[in-house]
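Descriptive analysis of the structure
Residue strings, one per chain:
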Amino acid sequence: AKTWILRQHFEGFPKDSDFELRVEQISEPKDGEVLLEAIFLSVDPYMRPYSRTRMKEGDVMIGGQVAKVIQSKNPSFPVGSHVVAGLGWRTHGLSDGTGLRPVPSGWPQDIPLSLALGAIGMPGLTALYGLEEVCQIQPGETLLVNAAAGAVGSMVGQIAKMKGCKVVGCAGTDAKVSYLKELGFDHTFNYKTITSLKEALTAASPDGYDCYFDNVGGSFSSVAVPQMKQFGRIAVCGSISLYNDTVPQTGPFVQTHMVFKQLKMEGFLVSRWEHKNEQSLLRLISWIKEGKLKYSEHVTTGFENMPAAFMGMLKGDNIGKAIIKI
Ligand code: NDP
C-alpha cells in the first residue's frame, strides 16, 4: 500500500515537505476483516485543523475514501462491493468493518461513486443539517452562504432554493460566480474583486439576512453578522479563513449586534445527526436523480498528487468537491 504521512506539523499554509509518501506491506485479512482498495479519495478543509488535534507527526493523513472490497473474510462486505471508509490517505487498507459504510443501495447507475464523498456524502449532509437543524430555514427567508461554490456551499445554496428561499452566495473567482448563477443563486459576487463586502451584502439584500451559513469565519463574519435581521440564525459550519493562521486574528467584535438583533449563532458538526444519515442520503440521492441538485467535482488524478490537491483545495482551486481519482 502507498500512504501519505504527516511528516511534520503544518506551520501556516501546508507545504510539500510536510508530507511523505511511504510504501507499507499489508497482511492478508484475518477472520472478520476485509482488504480495501481506494478508488476515490477526499481532501477536505477539516484535515488542516484536525492535523494538530487528531494527528501526530508520522501518522497517516486522516480522511475518507470510496474503496472496493478486494478480499473479504467478513460476510457483511462481499468482494466487489463498495464502501465509504475513513482509512486516511492510503491506497489499500485492512478493516474489521467498524465504521465502514456501504455505498447506499439504489445508487443510480449513471452517477459516479465519488459523489459518496461529496453531494451524497459528508458535505451534502453538512449542508442539509446546517440548514434544517441549525438554521431551521423557512420558505421566503433570505440566506447568505460563503465559500458558496465549494462542496458544502454549492449544496447549501441549492437546497435553500428548493425550500423557497432567496439565496446570496459569494466565492473567490469569476468562474465560480458564473457557476453559482447556473445553480440558480439569486445574488452572487466575487469577494476578492469587490471594493466593500458591506456594500456588496447590502446591495444583495437591503433588508438583511435571516440565515447565514458560515464556512469562512474571521473578518468575513465581522462584516456579515451586523447585516443580519432581528432573530437571525447563524450556522457556524467552518472557518477556513483562519485555519492556516499562525497569529490569531482579532475583531471587530460582533457581540453588540448579537444582543440588539437577538441573533442565534450555533457551531455544529455533521456527526451530531448521524442517526439520520441513512434517510438523509436517500433524500440527497433522489434530489440528484430528479435533477434538483446539481454537482460539480474538481478531480485530480493520481495518489501521488494528494498533497497538491489538498493545498489546491485550501487555496480555492476547486469548483464543487475536491476529489482524487486513483
Ligand atoms: P470547499 O469545497 O468549499 O473548499 C474550500 C474553499 O474555501 C476553497 O475552494 C475557497 O473557495 C474557500 N476559501 C479558502 N480560503 C478562504 C479564505 N481565506 N476566505 C474565504 N474563502 C476561502 O470545502 P468544503 O465545502 O468541504 O468545506 C467548507 C467549509 O465547511 C470549511 O470551513 C469546512 O471546514 C466546513 N465543514 C464543516 C463541517 C462540519 O461538520 N461542521 C463538515 C464539512 C465541512 P473561494 O475560491 O471561494 O475562496
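Residues numbered from 1 in each chain as written. Predicted model: local features only at pLDDT ≥ 70, side-chain atom pairs only at ≥ 80, totals over all residues. Heavy atoms only, no water.

**A word on the side chain of Ser51**
Quick reminder of the rule: Strands are runs of DSSP state E lasting at least two residues, helices are runs of H or I lasting at least four, and both sets are numbered from the N terminus onward. A 3.5 Å cut-off defines polar contacts: any pair of N or O atoms within that distance qualifies, except that in protein one atom must be a possible hydrogen donor and the other a possible acceptor, and neighbouring residues in sequence count only when both atoms are side-chain atoms. We call two residues contacting when some pair of their heavy atoms lies within 4.5 Å.
Tracing the backbone through its elements, the reader meets Ser51 in helix α1 (residues 47-53). At 2.6 Å, the side chain of Ser51 forms a polar contact with the backbone oxygen of Arg48. The contacts of Ser51, once residues within four sequence positions are left out, are Leu6, His9 and Phe10.

**As for the sheet that holds strand β9 (residues 166-171)**
Heads up, the rule is: When DSSP finds two or more bridges between two strands, those strands count as paired. Angles run from 0 to 180 degrees between N-to-C directions of axes, and those axes are lines fitted to C-alpha atoms, restricted for helices to the stretch in contact.
Strand order in this open sheet of 6 strands is β10-β9-β8-β11-β12-β13, and the pairing throughout is parallel. Looking at the sheet topology across the chains shown, the edges are occupied by β10 (187-190) and β13 (264-267). With direction set aside, neighbouring strand axes in the sheet form an average angle of 15°. The sheet contact formed by strand β8 (residues 142-145) and β9 spans 4 bridges and is parallel. Opposite Val145, over in β9, you have Gly169 as the bridge partner. Lying over the sheet, helix α5 (residues 197-204) contacts β8, β9, β10 and β11 (209-214), oriented at roughly 165° with respect to β10.

**A look at helix α4 (residues 174-182)**
Condition: Here's how the labels work: a residue is buried when its accessible area is under 20% of the maximum for its type, exposed when over 50%, partly exposed in between, all with a 1.4 Å probe on protein chains only. The directions from the helix axis to the C-beta atoms form the arc being described.
By the burial criterion, the buried members of α4 are Lys176, Val177, Tyr179 and Leu180. Buried residues of α4 fall within an arc of 155° about the axis and therefore sit on the same side. Among the exposed residues of α4, those oriented more than 90 degrees off its buried face are Asp174, Lys181 and Glu182. Buried-residue contacts for α4 involve α3 (151-162), β9 and β10.

**A look at the nonpolar core**
In plain terms, the rule: The nonpolar core is taken to be a set of buried Ala, Val, Leu, Ile, Met, Phe, Trp, Tyr and Cys residues, with the residues joined through side-chain atoms within 4.5 Å. Residue ranges for the domains trace back to a domain assignment, done automatically or taken from a database.
Of all hydrophobic cores here, the largest spans 49 residues; its most connected members are Trp107, Ile120, Leu143, Ile159 and Phe213. For this core, the two domains that each supply at least three residues are domain 1 (2-118 + 296-325) and domain 2 (122-271).

**Focus on the pattern of salt bridges**
Pairing is possible between side chains that carry opposite charge, provided their charged atoms lie close to one another. Cut-off, in case you're wondering: Whenever a carboxyl oxygen of Asp or Glu lies within 4 Å of a side-chain nitrogen of Lys or Arg, that contact is scored as a salt bridge.
As enumerated under the stated definition, the model contains 14 salt bridges in all. Two residues, Arg90 and Glu24, come together in a salt bridge whose shortest N-O distance is 2.8 Å. Taken as a pair, Arg90 in the loop between β5 (82-85) and β6 (92-95) and Glu24 in the loop between β2 (19-23) and β3 (34-42) lie far apart in primary sequence, 66 residues in all. With a relative accessible area of 31%, Glu24 lands in the partly exposed category. Here Arg283 and Glu132 are joined by a salt bridge, their closest N and O atoms 2.7 Å apart. Placement of the pair is Arg283 in helix α8 (residues 277-289) and Glu132 in helix α2 (residues 122-135), with a sequence separation of 151 residues. Taken together, the shared-partner salt bridges in this structure form one network comprising Glu132, Lys163 and Arg283.

**With respect to the domain arrangement of the protein**
One widely used convention gives an interface's size as the accessible area the parts lose upon coming together. Let me state the cut-off plainly: In short, buried area is how much 1.4 Å probe accessible area vanishes from two parts on joining, totalled over both.
Taken domain by domain, the protein comprises domain 1 (2-118 + 296-325) and domain 2 (122-271). Centre-to-centre separation of domain 1 and domain 2, based on C-alpha positions: 28 Å. Counting residues at the interface gives 21 residues for domain 1 and 15 residues for domain 2. Taken together, the two surfaces of domain 1 and domain 2 that pack against each other cover about 1,300 Å², and 60% of this comes from carbon and sulfur.

**Structural notes on empty space enclosed by the protein**
To be explicit about the condition: Grid points spaced at 1 Å over the protein atoms alone were grouped into cavities, where a 1.4 Å probe fits but cannot get out, and pockets, open sets with protein on both sides within 12 Å along at least five of seven lines, with lining residues defined by an atom within 4 Å of a point. Grid points are joined across faces, edges and corners, and a volume is the space filled by probe spheres set on the points. In this classification, Asp, Glu, Lys and Arg are treated as charged, Ala, Val, Leu, Ile, Met, Phe, Trp, Tyr, Cys and Pro as nonpolar, and every other residue, Gly included, as polar.
Applying the stated criterion to the full structure yields 1 cavity of 30 Å³ or more. If you go around the largest cavity, the residues you meet are Ser114, Leu115, Gly118, Ala119, Ala151, Ser154, Met155, Tyr295, Ser296, Glu297, Gly320 and Lys321. Considering each element in turn, the lining of the largest cavity owes the most residues, 3 residues, to α3. Grouping the constituent residues of the lining of the largest cavity by class yields 5 nonpolar, 5 polar and 2 charged. Each of two domains, domain 1 (2-118 + 296-325) and domain 2 (122-271), supplies a minimum of three residues to the lining of the largest cavity.

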